[in-house]
Amino acid sequence: LSEKTKQSNKQEIYQVFFSFFMSLPLLDLFDITHLSNLSINMNNGFICVEGSLDKPSSCPRCGSSHLHNKDILHRPLRLPPVCGKRAQLIVAVQKQFCVSCKSYWRPKIPFVKGKERMTSSFISYALELLRFGTIKDVSDHLNVSWDMTKSIHKKYLENKYSEINMSDVKYVSIDEFSIAKGHKY
């Protein structure tokens, strides 16, 4: 078989496999909800899942159900790797206009924290890997920058240790110390 035919056959096998995989509750595994019109394909060696965020039923400001759709924003988000392949989720988020209170807004994506470019499941996966590996190892495995992995870890540590109750602490011990030549302490 020619190289082009082999590549085409490989692409078809991936498409069948991932179509089957998507029929399973794969997105439930990643804690991804409120998506419709899902499609999956392989792009440049990574998995690309596309979907539309469900239309909200009412305005968050006034509660009215008289909403009109406006422009669409496509947000690329990182997913944890699937079968050793880099995965990306592209979410179509439609701007809404409330006729009653005349406000424009975009619905929040429930599986993304703020304006992050990664899903909550990606962050959880990275944090789980950081329990056993270095920042560099995790970055290499996830195919992201060292800075992104460090940022995920730093936010986690800040949240976990931001409020430590020190009222009952009587003694603080120091594990290591160093006296360097030429330094005065």
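Every chain's residues receive numbers from 1 upward, in the order its sequence appears when written. In view of the model being predicted, local features appear only for residues whose pLDDT reaches at least 70, and side-chain atom pairs are presented and counted only at 80 or more, with totals across whole chains, interfaces and linings using the full set of residues. Hydrogens and waters are ignored; side-chain quantities use all the structure's heavy atoms.

**Student:** Can you lay out helix H3 (residues 120-130) for me, pointing to particular residues and giving the numbers?
**Tutor:** The cut-offs for exposure are 20% and 50% of the maximum accessible area for each residue type, with area from a 1.4 Å probe on protein chains only; residues under the lower value are buried, those over the upper are exposed, and the others partly exposed. Here a strand is any run of E in DSSP of at least two residues, a helix any run of H or I of at least four, and the numbering for each starts at the N terminus. What H3 keeps buried is the set Ser-121, Phe-122, Ile-123, Ala-126, Leu-127 and Leu-130. Elements in contact with the buried residues of H3: strand E3 (67-82), helix H4 (135-142) and helix H5 (146-161). In this description, contact between two residues means that some pair of their heavy atoms is separated by no more than 4.5 Å.

**Student:** Could you give an account of the side chain of Ser-121, with specific residues and numbers?
**Tutor:** Mapped onto the secondary structure, Ser-121 falls in helix H3. One polar contact links Ser-121 to Thr-119, side chain to side chain, over a distance of 3.0 Å. Here a polar contact is recorded for every N or O atom pair within 3.5 Å, except that within protein the pair must consist of a potential hydrogen donor and a potential acceptor, and residues adjacent in sequence are included only if both atoms are side-chain atoms.

**Student:** Describe unusual backbone geometry, listing the residues and the values that go with them.
**Tutor:** Only a minority of non-glycine residues have a phi that is not negative, and only a minority of peptide bonds are not trans. One non-glycine residue, Lys-102, adopts positive backbone phi at about 60°. Relative to the helices and strands, Lys-102 is located in the loop between strand E4 (85-98) and strand E5 (104-105). Not every positive phi belongs to a glycine, and Asn-143 is a case in point at roughly 60°.

**Student:** Tell me about the pairing of strand E1 (residues 35-43), residues and numbers included.
**Tutor:** Should DSSP find at least two bridges between two strands, the strands are regarded as paired. Taken together, the seven bridges between E1 and strand E2 (residues 46-53) define a ladder with antiparallel strand orientation. Each residue of the ladder has a partner; that of Asn-43, found in E2, is Phe-46. Between the antiparallel neighbours E1 and E2 lie two residues, among them Asn-44 with a positive phi of about 50°.

**Student:** Can you lay out the environment of Met-118 for me, pointing to particular residues and giving the numbers?
**Tutor:** As for its position among the elements, Met-118 is in the loop between E5 and H3. When the C-alpha positions of Met-118 and Leu-77 are compared, they lie 4.6 Å apart, and in sequence the two are 41 residues distant. When neighbours within four sequence positions are excluded, Met-118 is seen to be in contact with Leu-77, Arg-78, Val-112, Ile-123, Met-148 and Ile-152.

**Student:** For H4, give the residues involved together with the corresponding values.
**Tutor:** Buried within H4 are the following residues: Ile-135, Val-138, Ser-139 and Leu-142. Buried residues in H4, looked at end-on, bunch into an arc of 100°, giving them a common side. Each element contacted by the buried residues of H4 is listed here: E3, H3 and H5. Asn-143 lies just past H4 and shows a positive phi near 60°. Along the arc lie the directions from the helix axis toward the C-beta atoms.

**Student:** Residue-level account of the pairing of E3, with values.
**Tutor:** Where E3 meets E4, twelve bridges bridge the pair, whose relative direction is antiparallel. Looking across to E4, one finds that His-68 is bridged to Phe-97. The hairpin turn running from E3 into E4, its antiparallel successor, is two residues long, and Cys-83 in that turn takes a positive phi close to 55°.

**Student:** Give me the side chain of Ser-64: which residues, what numbers.
**Tutor:** For Ser-64, the location among the structural elements is in the loop between E2 and E3. Taking relative accessible area as the criterion, Ser-64 reaches 10% and is therefore assigned buried. With near-sequence residues (within four places) excluded, Ser-64 lies in contact with Ser-57, Ser-58, Cys-59, Cys-98 and Ser-100.

**Student:** Quick rundown of the packing of aromatic side chains? Include the residues and the values.
**Tutor:** Aromatic rings from Phe, Tyr and Trp, with only the six-membered ring used for Trp, were paired whenever their centres fell within 6.5 Å, and each pair was classed as stacked if the ring planes differed by under 30 degrees, edge-to-face if by over 60, and tilted otherwise. Overall, the coordinates contain one aromatic pair when judged by the stated rule. With a centroid separation of 4.7 Å and an interplanar angle of 40°, the aromatic rings of Phe-97 and Tyr-104 are classed as tilted. Residue classification places Tyr-104 among the partly exposed residues on the basis of a relative accessible area of 48%.

**Student:** Lay out the packing of H4 against H5 in plain terms, naming residues and giving numbers.
**Tutor:** Look at H4 against H5: their axes get within 9 Å of each other, and the N-to-C directions meet at 115°. Crossing angle aside, the handedness with which H4 passes H5 is right-handed. For the pair H4 and H5, contact is made by Ile-135, Lys-136, Val-138 and Ser-139 and by Trp-146, Thr-149, Lys-150 and His-153, respectively. Under this grouping Gly is polar, as are all residues other than the nonpolar Ala, Val, Leu, Ile, Met, Phe, Trp, Tyr, Cys and Pro and the charged Asp, Glu, Lys and Arg. The residue inventory of the contact of H4 with H5, partitioned by class, reads three nonpolar, three polar and two charged. All axes here are fitted lines through C-alpha atoms, helices being fitted over the stretch that makes contact, and every angle between N-to-C directions spans 0 to 180 degrees. Should the near helix be turned anticlockwise from the far one by less than a right angle, the crossing is termed left-handed; should it be turned clockwise, right-handed.

**Student:** Tell me what's going on with a nonpolar patch on the surface, and back it up with residues and numbers.
**Tutor:** A cluster of nonpolar side chains, contributed by Tyr-156, Leu-157, Tyr-161, Ile-164, Met-166, Val-169 and Val-172, occupies part of the molecular surface with about 680 Å² of accessible area. Tracing the sequence through the fold places Val-169 in the segment after H5. Look at Val-169 and you get partly exposed, because its relative accessible area is 39%. Only residues whose relative accessible area exceeds 30% and that form no salt bridge are eligible for patches; like-charged ones are grouped when within 9 Å, while nonpolar side chains (Val, Leu, Ile, Met, Phe, Trp, Tyr) are grouped when within 5 Å. With residues, only the protein chains shown are counted as cover, and all accessible areas are computed by Shrake-Rupley using a 1.4 Å probe. Any carboxyl oxygen of Asp or Glu that lies within 4 Å of a side-chain nitrogen of Lys or Arg is treated as forming a salt bridge with it.

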